[in-house]
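Fold and geometry: a report
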Amino acid sequence: MNATRQRVVTVVGLVAVLAVAIAVLPGHRGWFDVGVYHGAVGHWARGGDLYAWSTPNGYGFTYPPFAAASMLPMAALAWYPTIVANLLLTAFAVAFLLHLLVDPLARHHGWSRWYALALACCLLAGLNPVRDTVSFGQVNLLLLGLVYLDLWSLERGSRLAGVGVGLAAAVKLTPAIFVGYLLVTGRWRAAATATGTAVGATVVAAAFAPDATRTFFTEALWDTDRVGELAYVSNQSLLGLVARLDPAHPDRRLWLVLVVAVLVVWAVRVRRAVRAGDERAGFALTGVAACLVSPVTWVHHLVWLVPGLVVLAASTLPWPPADATTRRWARAGVAGYVVLCSGLVWVFANGSAGPWGFVGANAYVWVSIGMLALLPIGRAATDDHPGFTEHCGAVGVPRGGAVDRQR
(Lines give C-alpha, C1' and ligand atoms only; values in the text may rest on other atoms or scores of the structure.)
Protein backbone atom coordinates (compact mmCIF):
# COMPACT_ATOMS: atom_id res chain seq x y z
CA MET A 1 0.00 0.00 0.00
CA ASN A 2 1.55 3.33 -1.04
CA ALA A 3 1.83 6.36 1.28
CA THR A 4 -1.12 8.25 -0.20
CA ARG A 5 -3.44 5.27 0.12
CA GLN A 6 -2.33 4.70 3.72
CA ARG A 7 -3.09 8.31 4.55
CA VAL A 8 -6.53 8.12 2.96
CA VAL A 9 -7.30 4.94 4.92
CA THR A 10 -6.09 6.54 8.15
CA VAL A 11 -8.24 9.64 7.67
CA VAL A 12 -11.32 7.64 6.65
CA GLY A 13 -10.82 5.36 9.66
CA LEU A 14 -10.55 8.32 12.07
CA VAL A 15 -13.63 9.96 10.59
CA ALA A 16 -15.58 6.71 10.95
CA VAL A 17 -14.52 6.25 14.58
CA LEU A 18 -15.44 9.87 15.41
CA ALA A 19 -18.79 9.58 13.62
CA VAL A 20 -19.71 6.43 15.52
CA ALA A 21 -18.56 7.87 18.85
CA ILE A 22 -20.51 11.10 18.36
CA ALA A 23 -23.62 9.19 17.25
CA VAL A 24 -23.52 6.59 20.03
CA LEU A 25 -22.13 8.40 23.08
CA PRO A 26 -24.45 10.76 24.99
CA GLY A 27 -23.73 14.46 24.83
CA HIS A 28 -25.45 15.99 21.80
CA ARG A 29 -26.93 19.29 23.01
CA GLY A 30 -29.87 19.42 20.59
CA TRP A 31 -28.91 22.79 19.07
CA PHE A 32 -30.05 24.42 22.31
CA ASP A 33 -28.15 27.71 22.05
CA VAL A 34 -28.90 28.35 18.41
CA GLY A 35 -32.50 27.72 19.40
CA VAL A 36 -32.21 30.53 21.96
CA TYR A 37 -30.71 32.84 19.32
CA HIS A 38 -33.40 31.93 16.80
CA GLY A 39 -36.28 32.34 19.25
CA ALA A 40 -35.07 35.59 20.86
CA VAL A 41 -34.08 37.31 17.62
CA GLY A 42 -37.32 36.25 15.92
CA HIS A 43 -39.31 37.60 18.88
CA TRP A 44 -37.33 40.87 18.70
CA ALA A 45 -37.84 41.21 14.94
CA ARG A 46 -41.61 40.90 15.49
CA GLY A 47 -41.52 43.86 17.89
CA GLY A 48 -41.01 42.01 21.18
CA ASP A 49 -38.54 42.70 23.99
CA LEU A 50 -35.25 40.95 23.16
CA TYR A 51 -34.34 40.26 26.79
CA ALA A 52 -37.87 39.32 27.92
CA TRP A 53 -38.03 36.24 25.69
CA SER A 54 -36.99 32.96 27.27
CA THR A 55 -37.18 29.22 26.76
CA PRO A 56 -39.69 27.20 28.85
CA ASN A 57 -36.88 26.46 31.35
CA GLY A 58 -35.98 30.13 31.71
CA TYR A 59 -32.96 30.68 29.46
CA GLY A 60 -32.92 33.95 27.54
CA PHE A 61 -30.65 35.95 25.25
CA THR A 62 -27.48 36.98 27.15
CA TYR A 63 -25.40 38.83 24.54
CA PRO A 64 -25.28 42.58 23.72
CA PRO A 65 -27.74 44.04 21.19
CA PHE A 66 -25.03 44.15 18.49
CA ALA A 67 -24.91 40.35 18.65
CA ALA A 68 -28.67 40.19 18.15
CA ALA A 69 -28.43 42.62 15.24
CA SER A 70 -25.75 40.38 13.67
CA MET A 71 -28.12 37.42 14.02
CA LEU A 72 -31.18 39.14 12.53
CA PRO A 73 -31.02 37.07 9.31
CA MET A 74 -32.09 34.13 11.50
CA ALA A 75 -35.49 35.78 11.83
CA ALA A 76 -36.09 35.16 8.13
CA LEU A 77 -35.11 31.48 8.35
CA ALA A 78 -37.05 28.44 9.47
CA TRP A 79 -35.58 26.18 12.18
CA TYR A 80 -33.64 23.66 10.09
CA PRO A 81 -32.15 26.23 7.67
CA THR A 82 -30.97 28.12 10.76
CA ILE A 83 -29.10 25.02 11.98
CA VAL A 84 -27.55 24.52 8.53
CA ALA A 85 -26.45 28.18 8.38
CA ASN A 86 -24.86 27.90 11.83
CA LEU A 87 -22.99 24.72 10.83
CA LEU A 88 -21.73 26.27 7.58
CA LEU A 89 -20.44 29.39 9.33
CA THR A 90 -18.76 27.24 11.98
CA ALA A 91 -17.14 25.07 9.30
CA PHE A 92 -15.85 28.20 7.56
CA ALA A 93 -14.33 29.46 10.83
CA VAL A 94 -12.69 26.07 11.47
CA ALA A 95 -11.23 26.00 7.96
CA PHE A 96 -9.73 29.46 8.48
CA LEU A 97 -8.29 28.56 11.90
CA LEU A 98 -6.74 25.31 10.69
CA HIS A 99 -5.26 27.05 7.66
CA LEU A 100 -3.80 29.79 9.87
CA LEU A 101 -2.51 27.60 12.70
CA VAL A 102 -1.70 24.23 11.14
CA ASP A 103 -0.89 24.84 7.48
CA PRO A 104 2.38 26.75 8.23
CA LEU A 105 3.57 23.81 10.32
CA ALA A 106 2.85 21.39 7.50
CA ARG A 107 4.76 23.52 4.99
CA HIS A 108 7.71 24.08 7.32
CA HIS A 109 8.13 20.38 8.07
CA GLY A 110 7.46 19.26 4.50
CA TRP A 111 4.30 17.30 5.33
CA SER A 112 1.46 16.59 2.96
CA ARG A 113 -0.75 19.60 3.63
CA TRP A 114 -4.08 17.89 3.02
CA TYR A 115 -3.10 15.04 5.33
CA ALA A 116 -1.92 17.36 8.11
CA LEU A 117 -5.10 19.43 7.92
CA ALA A 118 -7.31 16.32 7.81
CA LEU A 119 -5.62 14.86 10.91
CA ALA A 120 -5.87 18.24 12.68
CA CYS A 121 -9.58 18.41 11.86
CA CYS A 122 -10.11 14.93 13.34
CA LEU A 123 -8.17 15.85 16.49
CA LEU A 124 -10.22 19.04 16.78
CA ALA A 125 -13.50 17.14 16.45
CA GLY A 126 -12.46 14.85 19.32
CA LEU A 127 -12.39 17.69 21.85
CA ASN A 128 -15.36 17.91 24.22
CA PRO A 129 -15.54 21.76 23.97
CA VAL A 130 -15.64 21.58 20.17
CA ARG A 131 -18.31 18.88 20.15
CA ASP A 132 -20.39 20.94 22.57
CA THR A 133 -19.94 24.13 20.56
CA VAL A 134 -21.19 22.40 17.41
CA SER A 135 -24.09 20.53 19.00
CA PHE A 136 -25.23 23.57 21.03
CA GLY A 137 -25.03 25.70 17.87
CA GLN A 138 -22.81 28.15 19.76
CA VAL A 139 -20.84 31.10 18.30
CA ASN A 140 -17.54 30.33 20.04
CA LEU A 141 -15.60 29.17 16.99
CA LEU A 142 -16.86 32.13 14.97
CA LEU A 143 -15.57 34.53 17.64
CA LEU A 144 -12.27 32.64 17.79
CA GLY A 145 -11.98 33.09 14.03
CA LEU A 146 -12.66 36.84 14.30
CA VAL A 147 -9.98 37.28 16.97
CA TYR A 148 -7.46 35.24 15.01
CA LEU A 149 -8.02 37.45 11.97
CA ASP A 150 -6.07 39.95 14.04
CA LEU A 151 -3.23 37.47 14.58
CA TRP A 152 -3.09 37.17 10.79
CA SER A 153 -3.16 40.99 10.50
CA LEU A 154 -0.48 41.57 13.14
CA GLU A 155 1.90 39.06 11.57
CA ARG A 156 1.53 40.94 8.27
CA GLY A 157 1.69 44.47 9.67
CA SER A 158 -1.84 45.32 8.51
CA ARG A 159 -3.40 48.59 9.67
CA LEU A 160 -6.68 46.68 10.11
CA ALA A 161 -5.29 44.76 13.10
CA GLY A 162 -7.79 45.15 15.94
CA VAL A 163 -10.98 45.06 13.87
CA GLY A 164 -11.55 41.35 14.52
CA VAL A 165 -11.06 41.70 18.28
CA GLY A 166 -13.37 44.73 18.35
CA LEU A 167 -16.17 42.95 16.51
CA ALA A 168 -15.81 39.84 18.69
CA ALA A 169 -15.94 41.98 21.85
CA ALA A 170 -19.08 43.75 20.59
CA VAL A 171 -20.76 40.35 20.12
CA LYS A 172 -19.63 38.88 23.45
CA LEU A 173 -17.70 40.58 26.24
CA THR A 174 -15.11 37.84 26.95
CA PRO A 175 -12.91 38.51 23.85
CA ALA A 176 -12.32 42.05 25.17
CA ILE A 177 -9.33 40.60 27.06
CA PHE A 178 -7.51 40.67 23.71
CA VAL A 179 -7.69 44.48 23.85
CA GLY A 180 -5.76 44.08 27.10
CA TYR A 181 -3.27 41.87 25.26
CA LEU A 182 -2.70 44.58 22.65
CA LEU A 183 -2.19 47.18 25.40
CA VAL A 184 0.12 45.02 27.55
CA THR A 185 2.30 44.25 24.52
CA GLY A 186 2.43 47.88 23.36
CA ARG A 187 0.28 47.62 20.22
CA TRP A 188 -1.31 51.02 20.77
CA ARG A 189 -2.70 51.48 17.27
CA ALA A 190 -4.24 47.99 17.14
CA ALA A 191 -5.66 48.45 20.65
CA ALA A 192 -7.22 51.78 19.61
CA THR A 193 -8.65 50.13 16.49
CA ALA A 194 -10.14 47.28 18.54
CA THR A 195 -11.61 49.65 21.13
CA GLY A 196 -13.00 51.97 18.46
CA THR A 197 -14.53 49.06 16.56
CA ALA A 198 -16.20 47.63 19.68
CA VAL A 199 -17.51 51.02 20.81
CA GLY A 200 -18.62 51.94 17.30
CA ALA A 201 -20.52 48.67 16.83
CA THR A 202 -22.17 49.09 20.24
CA VAL A 203 -23.16 52.70 19.50
CA VAL A 204 -24.63 51.76 16.11
CA ALA A 205 -26.67 49.01 17.78
CA ALA A 206 -27.77 51.49 20.46
CA ALA A 207 -28.92 53.95 17.82
CA PHE A 208 -31.17 51.32 16.23
CA ALA A 209 -32.17 49.54 19.44
CA PRO A 210 -31.98 52.01 22.36
CA ASP A 211 -34.41 50.09 24.57
CA ALA A 212 -32.58 46.78 24.16
CA THR A 213 -29.23 48.49 24.79
CA ARG A 214 -30.54 50.12 27.97
CA THR A 215 -31.95 46.81 29.21
CA PHE A 216 -28.73 44.93 28.51
CA PHE A 217 -26.33 47.34 30.22
CA THR A 218 -28.57 48.13 33.20
CA GLU A 219 -30.24 44.76 33.82
CA ALA A 220 -29.35 41.71 31.71
CA LEU A 221 -25.57 42.11 31.98
CA TRP A 222 -25.70 41.92 35.79
CA ASP A 223 -28.28 39.15 36.09
CA THR A 224 -26.16 36.03 36.60
CA ASP A 225 -29.29 33.88 36.91
CA ARG A 226 -29.81 34.33 33.16
CA VAL A 227 -26.77 32.20 32.34
CA GLY A 228 -27.15 29.40 34.86
CA GLU A 229 -25.76 28.24 38.21
CA LEU A 230 -22.16 29.30 38.93
CA ALA A 231 -21.35 26.06 40.81
CA TYR A 232 -22.59 23.79 38.03
CA VAL A 233 -19.83 21.50 36.81
CA SER A 234 -19.97 22.92 33.28
CA ASN A 235 -18.62 26.24 34.60
CA GLN A 236 -14.89 25.60 34.26
CA SER A 237 -13.69 29.04 35.33
CA LEU A 238 -11.93 30.08 38.52
CA LEU A 239 -15.25 31.36 39.88
CA GLY A 240 -16.82 28.00 39.07
CA LEU A 241 -14.05 26.28 41.04
CA VAL A 242 -14.54 28.64 44.01
CA ALA A 243 -18.33 28.24 43.85
CA ARG A 244 -18.05 24.47 44.02
CA LEU A 245 -16.17 24.84 47.32
CA ASP A 246 -19.27 26.47 48.85
CA PRO A 247 -22.19 26.68 46.39
CA ALA A 248 -24.38 28.62 48.81
CA HIS A 249 -21.79 31.34 49.53
CA PRO A 250 -18.99 31.51 46.93
CA ASP A 251 -16.00 33.42 48.31
CA ARG A 252 -15.71 36.34 45.87
CA ARG A 253 -12.60 37.66 47.62
CA LEU A 254 -10.77 34.38 47.00
CA TRP A 255 -11.91 34.51 43.39
CA LEU A 256 -10.58 38.07 42.94
CA VAL A 257 -7.21 37.07 44.44
CA LEU A 258 -7.00 34.16 41.97
CA VAL A 259 -8.00 36.43 39.07
CA VAL A 260 -5.29 38.95 39.95
CA ALA A 261 -2.71 36.15 40.17
CA VAL A 262 -3.74 34.81 36.75
CA LEU A 263 -3.60 38.27 35.16
CA VAL A 264 -0.12 38.92 36.57
CA VAL A 265 1.20 35.60 35.21
CA TRP A 266 -0.56 36.25 31.89
CA ALA A 267 0.90 39.78 31.53
CA VAL A 268 4.45 38.60 32.24
CA ARG A 269 4.21 35.65 29.87
CA VAL A 270 2.59 37.46 26.93
CA ARG A 271 5.19 40.24 27.09
CA ARG A 272 7.88 37.57 27.07
CA ALA A 273 6.19 35.90 24.09
CA VAL A 274 6.12 39.08 22.03
CA ARG A 275 9.76 39.86 22.89
CA ALA A 276 10.59 36.36 21.59
CA GLY A 277 8.66 37.05 18.39
CA ASP A 278 6.07 34.41 19.33
CA GLU A 279 2.76 36.17 18.66
CA ARG A 280 0.96 32.83 18.46
CA ALA A 281 1.92 31.87 21.99
CA GLY A 282 0.82 35.33 23.15
CA PHE A 283 -2.60 34.95 21.57
CA ALA A 284 -2.94 31.40 22.90
CA LEU A 285 -2.07 32.48 26.45
CA THR A 286 -4.66 35.25 26.24
CA GLY A 287 -7.37 32.79 25.26
CA VAL A 288 -6.42 30.59 28.21
CA ALA A 289 -6.51 33.55 30.61
CA ALA A 290 -9.94 34.55 29.28
CA CYS A 291 -11.31 31.14 30.19
CA LEU A 292 -9.91 31.36 33.71
CA VAL A 293 -10.93 34.91 34.66
CA SER A 294 -14.38 35.01 33.06
CA PRO A 295 -17.04 34.51 35.77
CA VAL A 296 -18.72 31.88 33.61
CA THR A 297 -16.76 29.59 31.29
CA TRP A 298 -19.01 26.79 30.11
CA VAL A 299 -17.27 23.74 28.68
CA HIS A 300 -18.03 24.86 25.13
CA HIS A 301 -16.20 28.15 25.78
CA LEU A 302 -12.96 26.17 26.16
CA VAL A 303 -12.44 26.16 22.39
CA TRP A 304 -10.21 29.13 23.30
CA LEU A 305 -7.69 26.51 24.50
CA VAL A 306 -7.35 25.00 21.02
CA PRO A 307 -4.64 27.42 19.79
CA GLY A 308 -2.64 26.64 22.92
CA LEU A 309 -2.76 22.94 22.07
CA VAL A 310 -1.44 23.77 18.59
CA VAL A 311 1.39 25.87 20.06
CA LEU A 312 2.23 23.03 22.44
CA ALA A 313 2.21 20.46 19.63
CA ALA A 314 4.36 22.70 17.41
CA SER A 315 6.96 23.07 20.16
CA THR A 316 7.52 19.29 20.25
CA LEU A 317 8.24 18.96 16.52
CA PRO A 318 9.96 17.28 14.75
CA TRP A 319 8.69 14.05 16.25
CA PRO A 320 9.84 12.20 18.30
CA PRO A 321 11.29 14.91 20.58
CA ALA A 322 15.04 14.66 21.06
CA ASP A 323 15.50 16.21 24.51
CA ALA A 324 13.96 15.42 27.88
CA THR A 325 12.28 18.82 28.37
CA THR A 326 10.46 18.59 25.06
CA ARG A 327 9.38 15.03 25.83
CA ARG A 328 7.86 16.26 29.11
CA TRP A 329 5.97 18.96 27.20
CA ALA A 330 4.77 16.34 24.75
CA ARG A 331 3.49 14.09 27.54
CA ALA A 332 1.78 17.04 29.24
CA GLY A 333 0.18 18.07 25.94
CA VAL A 334 -1.14 14.58 25.26
CA ALA A 335 -2.49 14.33 28.83
CA GLY A 336 -4.25 17.70 28.52
CA TYR A 337 -5.72 16.76 25.16
CA VAL A 338 -7.01 13.43 26.48
CA VAL A 339 -8.64 15.14 29.48
CA LEU A 340 -10.33 17.70 27.20
CA CYS A 341 -11.62 14.89 24.97
CA SER A 342 -12.80 12.72 27.81
CA GLY A 343 -15.69 14.70 29.21
CA LEU A 344 -14.32 13.81 32.66
CA VAL A 345 -16.04 16.73 34.39
CA TRP A 346 -19.47 15.35 33.52
CA VAL A 347 -18.85 12.32 35.74
CA PHE A 348 -19.26 14.76 38.66
CA ALA A 349 -22.35 16.54 37.31
CA ASN A 350 -24.47 15.20 40.20
CA GLY A 351 -21.99 15.97 42.95
CA SER A 352 -18.33 16.82 43.50
CA ALA A 353 -17.82 16.19 47.22
CA GLY A 354 -14.50 15.00 48.59
CA PRO A 355 -10.97 15.45 47.25
CA TRP A 356 -11.46 13.29 44.17
CA GLY A 357 -14.65 15.13 43.37
CA PHE A 358 -12.85 18.47 43.67
CA VAL A 359 -10.07 17.30 41.37
CA GLY A 360 -12.35 15.70 38.79
CA ALA A 361 -15.07 18.36 38.72
CA ASN A 362 -12.42 21.01 37.98
CA ALA A 363 -10.39 18.93 35.53
CA TYR A 364 -10.60 21.48 32.72
CA VAL A 365 -9.64 24.30 35.10
CA TRP A 366 -6.42 22.41 35.93
CA VAL A 367 -5.67 22.04 32.22
CA SER A 368 -6.16 25.78 31.73
CA ILE A 369 -3.91 26.65 34.68
CA GLY A 370 -1.23 24.28 33.42
CA MET A 371 -1.33 25.84 29.95
CA LEU A 372 -1.12 29.37 31.35
CA ALA A 373 1.92 28.53 33.47
CA LEU A 374 3.79 26.12 31.21
CA LEU A 375 2.92 26.81 27.55
CA PRO A 376 6.27 26.90 25.70
CA ILE A 377 7.27 30.30 24.32
CA GLY A 378 9.54 30.91 21.34
CA ARG A 379 10.16 27.26 20.45
CA ALA A 380 7.91 26.62 17.44
CA ALA A 381 9.39 27.62 14.09
CA THR A 382 7.44 27.73 10.83
CA ASP A 383 7.97 29.40 7.50
CA ASP A 384 5.55 32.18 8.50
CA HIS A 385 6.33 32.30 12.20
CA PRO A 386 9.98 32.19 13.34
CA GLY A 387 9.25 31.40 16.97
CA PHE A 388 12.79 31.41 18.34
CA THR A 389 14.22 34.87 18.90
CA GLU A 390 17.45 33.82 17.21
CA HIS A 391 15.50 32.83 14.08
CA CYS A 392 14.08 36.32 13.62
CA GLY A 393 15.41 37.59 10.36
CA ALA A 394 16.19 34.07 9.14
CA VAL A 395 12.69 33.05 8.13
CA GLY A 396 9.24 34.61 8.15
CA VAL A 397 8.81 38.03 9.76
CA PRO A 398 12.16 39.73 10.41
CA ARG A 399 12.95 41.48 13.66
CA GLY A 400 11.77 45.06 13.37
CA GLY A 401 9.27 44.00 10.72
CA ALA A 402 5.53 43.43 10.87
CA VAL A 403 5.42 42.70 14.59
CA ASP A 404 7.40 45.74 15.73
CA ARG A 405 5.58 48.13 13.41
CA GLN A 406 2.44 47.52 15.46
CA ARG A 407 3.99 48.95 18.61
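Residues numbered from 1 in each chain as written. Predicted model: local features only at pLDDT ≥ 70, side-chain atom pairs only at ≥ 80, totals over all residues. Heavy atoms only, no water.

Some thoughts on the pattern of salt bridges
Convention followed: Put simply, a salt bridge is a Lys or Arg side-chain nitrogen that is within 4 Å of an Asp or Glu carboxyl oxygen. By the criteria applied, helices consist of DSSP H or I runs no shorter than four residues and strands consist of E runs no shorter than two, each listed in order from the N terminus. Here's how the labels work: a residue is buried when its accessible area is under 20% of the maximum for its type, exposed when over 50%, partly exposed in between, all with a 1.4 Å probe on protein chains only.
Inspection of every chain in the model, using the stated rule, returns 8 salt bridges. A salt bridge links Glu279 to Arg187; the nearest nitrogen and oxygen atoms lie 2.5 Å apart. You can see Glu279 sitting in helix H15 (residues 279–293) and its partner Arg187 sitting in the loop between helix H10 (177–184) and helix H11 (188–208), a full 92 residues away along the chain. Of the two residues examined, Glu279 and Arg187, each falls in the buried class. Salt-bridge contacts for Asp211 lead to Arg214; the nearest nitrogen and oxygen are separated by 3.0 Å. Of this pair, Asp211 and Arg214 both sit in helix H12 (residues 210–218), 3 residues apart, roughly one helical turn. Classification of Asp211 by relative accessible area gives exposed; the value is 51%. Through salt bridges that share partners, Asp103, Arg107 and Arg113 make up one connected network.

Considerations on unusual backbone geometry
Trans peptide bonds make up most of the peptide bonds, and negative phi angles are found at most residues other than glycine. If you check the backbone angles, Trp31 has positive phi at about 55° while not being a glycine. Looking at the secondary structure, you find Trp31 in the loop between helix H1 (3–24) and helix H2 (32–45).

Regarding the packing of aromatic side chains
How two aromatic rings sit relative to each other is set out by the distance from centre to centre and by the angle between their planes. As a reminder, the rule being used: Within 6.5 Å between ring centres, the rings of Phe, Tyr and Trp (the latter by its six-membered ring) count as paired, and their orientation is classed by plane angle as stacked under 30 degrees, edge-to-face over 60, tilted in between.
All told, the structure shown has 14 aromatic pairs when counted by the stated rule. Ring centres of Phe178 and Trp304 lie 5.6 Å apart, and the angle between their planes is 35°; this geometry places the pair in the tilted category. One end of the pair, Phe178, is in helix H10; the other, Trp304, is in the loop between H15 and helix H16 (306–315), and 126 residues separate them in sequence. Exposure class is identical for Phe178 and Trp304. Each is buried. Arranged with centres 5.1 Å apart and planes meeting at 75°, the rings of Tyr181 and Phe283 form a pair that is edge-to-face.

Examining the packing of helix H8 (residues 140–155) against H15
Keep this limit in mind: The axes used here are C-alpha line fits, helices contributing only the stretch in contact, and every angle between their N-to-C directions lies in the interval 0 to 180 degrees. Just so you know how the angles are binned, under 35 degrees is roughly parallel, over 145 roughly antiparallel, 65 to 115 roughly perpendicular, and the rest oblique. Crossing handedness follows the turn of the near helix against the far one: under a right angle anticlockwise gives a left-handed crossing, and clockwise gives a right-handed one. Residues are treated as being in contact if the distance between any of their heavy atoms lies within 4.5 Å. Charged means Asp, Glu, Lys or Arg here, nonpolar means Ala, Val, Leu, Ile, Met, Phe, Trp, Tyr, Cys or Pro, and polar covers whatever is left, Gly included.
At a closest axis distance of 11 Å, the pairing of H8 and H15 adopts a crossing angle of 160°. On the basis of the axis angle, H8 is roughly antiparallel to H15. Helix-helix and strand crossings are classified by hand; for H8 and H15 the assignment is right-handed. Side by side, H8 and H15 meet where Val147, Tyr148, Asp150, Leu151, Leu154 and Glu155 of the first sit next to Glu279, Arg280, Phe283 and Ala284 of the second. For the contact of H8 with H15, the per-class residue count stands at 6 nonpolar, no polar and 4 charged.

Things to note about helix H9 (residues 163–171)
In terms of burial, H9 is largely enclosed, as 7 of its 9 residues are buried. For H9, the elements touching its buried residues are helix H3 (65–70), H8, H10 and H11.

Examining the state of the cysteines
Here a disulfide denotes a covalent bond joining the sulfur atom of one cysteine to the sulfur atom of another. As a reminder, the rule being used: Cysteine sulfur pairs qualify as disulfides if the two atoms are within 2.5 Å.
Counted under the stated rule, the structure contains 0 disulfides. Free cysteine: Cys291, not disulfide-bonded; nearest cysteine sulfur from Cys341 at 16 Å. Considering cysteine sulfurs only, Cys122 is the nearest to Cys341, which forms no disulfide, with 12 Å between them.

Points about the nonpolar core
The cut-off we apply is this: For this analysis, a nonpolar core means a set of buried residues of the types Ala, Val, Leu, Ile, Met, Phe, Trp, Tyr and Cys, connected via side-chain atoms within 4.5 Å.
Counting residues in hydrophobic clusters, the biggest one holds 105 residues, and the most contacted among them are Phe61 and Tyr148. When residues in this core are grouped by element, the largest group, 10 residues, is from H15.

Some details on the environment of Arg113
What counts is decided by this rule: Contacts described as polar in this section are N or O atom pairs within 3.5 Å, which, within protein, must combine one atom able to donate a hydrogen with one able to accept it, while residues neighboring in sequence count only if both atoms come from side chains.
For Arg113, the location among the structural elements is in helix H6 (residues 113–125). Sequence separation between Arg113 and Gly166 is 53 residues, and the spatial gap between their C-alpha atoms is 32 Å. Setting aside its immediate chain neighbours within four residues, Arg113 contacts His99, Asp103, Ala106 and Arg107. A polar side-chain atom of Arg113 sits 2.8 Å from a polar atom in the side chain of Asp103.

Topic: the environment of Arg107
Relative to the assigned elements, Arg107 resides in helix H5 (residues 103–109). Since its relative accessible area comes to 31%, Arg107 is described here as partly exposed. Linking Arg107 and Arg275, residues 168 residues apart in sequence, is a C-alpha distance of 25 Å.

Observations regarding H11
The condition that has to hold: What a helix should span is 1.5 Å times the count of its residues minus one. When we speak of the arc, we mean the arc of directions from the helix axis to the C-beta atoms.
The terminal C-alpha atoms of H11 lie 30 Å apart, and with 21 residues this matches the ideal 30 Å at 1.5 Å per residue to within 8%. Looking only at H11, the buried set comprises Ala190, Ala191, Ala194, Thr197, Ala198, Ala201 and Ala205. Projected down its long axis, H11 shows its buried positions confined to an angular sector of 130°, all on one face. Facing away from the buried surface of H11 by more than 90 degrees, the exposed residues are Trp188, Val203 and Ala207.

Observations concerning a nonpolar patch on the surface
Test applied: Like charges within 9 Å and nonpolar side chains (Val, Leu, Ile, Met, Phe, Trp, Tyr) within 5 Å are joined into patches, using only residues over 30% in relative accessible area that form no salt bridge. Each accessible area is a Shrake-Rupley result for a 1.4 Å probe, and residues are judged covered by the shown protein chains and nothing else.
Residues Trp356, Val359, Trp366 and Ile369 make up a contiguous nonpolar surface patch of about 430 Å² in total accessible area. Where the nonpolar patch is concerned, the elements lending two or more residues are helix H18 (354–361) and helix H19 (363–374). Turning to its location among the elements, Ile369 is positioned in helix H19. A residue is classified by how much of its surface remains accessible, and Ile369, at 34% relative accessible area, is partly exposed.

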